[in-house]
2 protein chains.
Amino acid sequence: MKSGLVTIKDIARELNISASTVSRALKNHPDISEETKRAVNELAQKLNYQPNAVALSLKQRRSHTIGVIIPEIVHYFFSSVISGIEDVAYDAGFNVIICQSNERYEREVANARTLLASRVDGVLVSVSKHTEDFQHLHNLQDNNIPLVFYDRIVPGLEADQVIIDDLDASYRATRHLIETGRKRIVHFAGPQKLLIGRQRKDGYVKALEEAGLEVDPSLIIEADSFEKARLAVMRLLNEKKKFDGVFATNDLTAIGAMQTIQKRGFKIPDEIAVVGFSDGRFSGITDPTLTSVDQHGYEMGTVATEMLLRRITSENSDYPYETRVLNADLIVRGSSVFL
Amino acid sequence: MKSGLVTIKDIARELNISASTVSRALKNHPDISEETKRAVNELAQKLNYQPNAVALSLKQRRSHTIGVIIPEIVHYFFSSVISGIEDVAYDAGFNVIICQSNERYEREVANARTLLASRVDGVLVSVSKHTEDFQHLHNLQDNNIPLVFYDRIVPGLEADQVIIDDLDASYRATRHLIETGRKRIVHFAGPQKLLIGRQRKDGYVKALEEAGLEVDPSLIIEADSFEKARLAVMRLLNEKKKFDGVFATNDLTAIGAMQTIQKRGFKIPDEIAVVGFSDGRFSGITDPTLTSVDQHGYEMGTVATEMLLRRITSENSDYPYETRVLNADLIVRGSSVFL
DNA sequence: CTGAAAGCGCTAACAC
DNA sequence: GTGTTAGCGCTTTCAG
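Residues numbered from 1 in each chain as written. Chains lettered and ligands numbered in written order. Predicted model: local features only at pLDDT ≥ 70, side-chain atom pairs only at ≥ 80, totals over all residues. Heavy atoms only, no water.

In the annotation of an unreviewed UniProt entry, the entry for chain A reads LacI family transcriptional regulator, and the organism field reads Maribellus luteus.

Trainee: Break down the packing of helix H5 (residues 76-91) of chain B against helix H12 (residues 297-313) of chain B for me, with residues and values.
Mentor: Residues and elements named next belong to chain B. Close contact between H5 and H12 brings their axes to 6 Å; oriented N to C, the two are set at 40°. Our classification of the angle between H5 and H12 gives oblique. For the element pair H5 and H12, the recorded crossing hand is right-handed. Taken together, the residues of H12 that come into contact with H5 (itself represented by Phe-77, Ser-80, Val-81, Ser-83, Gly-84, Ile-85, Asp-87, Val-88 and Ala-89) are Gly-297, Tyr-298, Met-300, Gly-301, Thr-302, Thr-305, Glu-306 and Leu-309. (Axes fitted to C-alpha atoms, helices over the stretch in contact; angles between N-to-C directions. Helix = DSSP H or I, 4+ residues; strand = E, 2+ residues; numbered from the N terminus. Parallel < 35°, antiparallel > 145°, perpendicular 65-115°, else oblique. Left-handed = near helix turned anticlockwise from the far one by under 90°. Contact = heavy atoms within 4.5 Å.)

Trainee: Lay out the domain arrangement of chain A with the relevant residues and their values.
Mentor: Residues and elements named next belong to chain A. Once the domains are mapped, chain A shows domain 1 (8-51), domain 2 (59-163 + 297-326) and domain 3 (166-295). Facing four residues of domain 2, the contacting portion of domain 3 comprises four residues. Buried surface at the junction of domain 2 and domain 3, both sides included, amounts to about 430 Å², of which 63% is carbon and sulfur. Per-residue buried area on domain 2 facing domain 3 is highest for Tyr-76, Phe-77 and Gly-297; these three make up 72% of the total on that side. At the boundary of domain 2 and domain 3, one finds one residue pair in polar contact (both at pLDDT 80 or more). Split by residue class, the side of domain 2 that touches domain 3 holds two nonpolar, one polar and one charged. (Domains from an automatic or database assignment. Buried area = accessible area lost by both parts, 1.4 Å probe. Polar contact = N/O pair within 3.5 Å; in protein donor to acceptor, adjacent residues only side chain to side chain. Nonpolar A, V, L, I, M, F, W, Y, C, P; charged D, E, K, R; others polar.)

Trainee: So what about the interface of chain A and chain B? Which residues, and what values?
Mentor: Taken together, the contacts link 56 residues of chain A with 56 residues of chain B. Here chain A and chain B share four salt bridges between them. In this structure, Asp-87 of chain B and Arg-107 of chain A form a salt bridge, with 3.0 Å as the shortest nitrogen-oxygen distance. Taken together, the connections running from chain A to chain B amount to 20 residue pairs in polar contact (both at pLDDT 80 or more). At the level of secondary structure, the elements contributing two or more residues to the side of chain A that touches chain B comprise helix H4 (53-60), helix H5 (76-91), strand S2 (95-100), helix H6 (105-117) and helix H11 (251-263) of chain A. (Salt bridge = Lys/Arg side-chain N within 4 Å of Asp/Glu carboxyl O.)

Trainee: Explain empty space enclosed by the protein to me, using residue names and the numbers behind them.
Mentor: Inspection of every chain in the model, using the stated rule, returns one cavity of 30 Å³ or more. By volume, the largest cavity is sized at about 50 Å³. Lining the largest cavity we find Val-74, Tyr-76 and Arg-281 of chain A together with Val-74, His-75, Tyr-76 and Arg-281 of chain B. Its residues assigned to classes, the lining of the largest cavity comprises four nonpolar, one polar and two charged. (1 Å grid on protein atoms, 1.4 Å probe; cavity = no way out; pocket = protein on both sides within 12 Å on 5 of 7 lines; lining within 4 Å. Points joined across faces, edges and corners; volume = space filled by probe spheres on them.)

Trainee: Any details on the protein's contact with DNA strand C? Residues and values, ideally.
Mentor: Around DNA strand C, a shell composed of 25 residues is seen, among which Thr-21 and Lys-59 of chain A together with Ile-8, Ser-23 and Tyr-49 of chain B lie nearest. Atoms of DNA strand C within 4 Å of the protein belong to the sugar or the phosphate in 68% of instances, the rest to bases. Mapped by element, the contributors of at least two residues to the surface near DNA strand C are helix H2 (19-26) and H4 of chain A together with helix H1 (8-15), helix H2 (19-26) and helix H4 (53-60) of chain B. Broken down by class, the residue content of the surface near DNA strand C amounts to eight nonpolar, nine polar and eight charged. (Near = heavy atom within 4 Å.)

Trainee: Explain the UniProt feature "domain: HTH lacI-type" (unreviewed entry) in chain A to me, using residue names and the numbers behind them.
Mentor: In this numbering, the UniProt entry assigns the feature "domain: HTH lacI-type" (unreviewed entry) to residues 6-60 of chain A. Along residues 6-60 of chain A, the helical share is 69% and the strand share 0%, with 21 Å between the first and last C-alpha atoms. (UniProt positions renumbered as here; feature names shortened; annotations may be inferred.)

Trainee: Tell me about the protein's contact with DNA strand D, and name the residues and values.
Mentor: Within the structure, DNA strand D sits among 26 residues, and Ile-8 and Tyr-49 of chain A together with Ser-20, Thr-21 and Lys-59 of chain B are positioned closest to it. The sugar-phosphate share of atoms of DNA strand D within 4 Å of the protein amounts to 61%. Within the side chain of Lys-59 of chain A, a nitrogen or oxygen atom sits 3.0 Å from a base oxygen of DNA strand D. When contributions to the surface near DNA strand D are tallied by element, the ones reaching two or more residues are helix H1 (8-15), H2 and H4 of chain A together with H2 and H4 of chain B. Taken together, the residues of the surface near DNA strand D sort by class into eight nonpolar, 10 polar and eight charged.

Printed below as a string of structure tokens:
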């Protein structure tokens, strides 16, 4: 005797009318008399009737649910994205099923299967770092489930996409250092086999070149973690390399650099300025606070969801795929200028 | 022409057999001949048949989906909890719908309604800070949807619960400071109207008393944020209060304290030791690294989900409600001892 | 203005 | 071994 949940039939029986009348009354259908409507709505209220979304989904072949495939929720950026997704989806009357791939390909494939089985109306996806085969995503598309990629896109796949303009953001971050008088700027770069790593480096190079500054390869170091930054800074200082600025590919790297620089007796930002990228969580609690790029995860979530809902709800959804490029903002704090 | 998704009927038609035979063949029913099974499974594979979970839910009045109401996903602790929930749920063949209340009561009520409409089989809930009326949760229970509370529990409600032993964790954190020789320990406490705030203070007091140390009320200060800690430390130092240890109700508060202590020229841990509580994200990147309590969010998620699934899948689910109390571990790092 | 009937995709008694 | 039928809860023609 599970589900004591009241159905439309219960209301019909009680009122001695048909289920279809109840259904119509509840949706305020013009054909139904005011009186019947009132009676139905009153009873529904009293019995605490909740429409069964499952039955609706089956009937309408539309679940009003969107799926989200996300690498790892624990990252501030991704959890912000989720907030953006949820807000837009709920406002439009859609539910959200979130699936973490945990950066694992097999899990991502399982996620796609789950979402397909749940008959979600569309999927937002950011692929795992190890995804190289895209059959599971094609599979969704083959079944007429629209996809929107956010942040981690898949070059080959035909779909809507939302990304951050990494190159431009890096360019602006680096230019900020240049404009505040820095001449020899170290770049701690991400893996160059990842698009994101290359773009951030390219933005850095572009800013230097535009300003007529030398691009010294020995100042570009592949280091994208707290620990790697510490080691790299120590090496630079031991080698008596001169530098007055650091632009790091993420905040943790920037913080590792900051700490080591300070430990070795240099003042930030007086002698060396430091700028990070994204993450968002840490920038306020360092000393000095960290100048960094805000990736606007929330906005990315809202934009991606709007694009998806548009495709889901459009009569004709075969308009061309679109790529939205969001701007990231440089947030200037104490690690690059005196506040 | 939405849903090109293949159904059991498509397979039946193609093979000139009935839908029920297909259904049985797919679930490897003993009555069905090997030959038929093979043919069905082959075609299912070829057509990439995916069972329609929506139809199943309707039929079985069981969605194999659990709902999660969570205050804010952006906190490391809560996102860890989600990972734990997902892992256990997926292993058991359950989907997860996550709803953020964003610490707002109205949103939480809406979440409960959504989950009810989706006919989830059970709900994991951590109430928002502002929830004082519990009708929406009773409503779920009235509809035979089992609830398990995690972390933020509701004293009055009859339901399973999973919590952290905050008192014990604080006690151990404080005792650690005492055992490493601290005699005058400041406590930056959380709001005393919250259970969590009181318990953490009580653990601190208990450790002091047990060690025969004076409990000086002027060393117990309500401060639970980065900024409040900064101000409080400045005040203490300006008043020339002597103290050699700090136990803060959360990590951000501890970090605010650390920074200010260091700025005023005191060495950590030499002159003053600092211990935080939870959060988990920041403890590794401070200088020195922060001794703190690990709240084991992932474990909390797994335990809560196991309790919920047990209630969902039990024949007889009216066994007594249970409260599980998890231990939190003190992680000793550089802010309290020399490593 | 309201009711009867069919059907969304699937399963499970009940036939044969 | 397999098919027929009914039904999960709801909407929606089509009748009246």
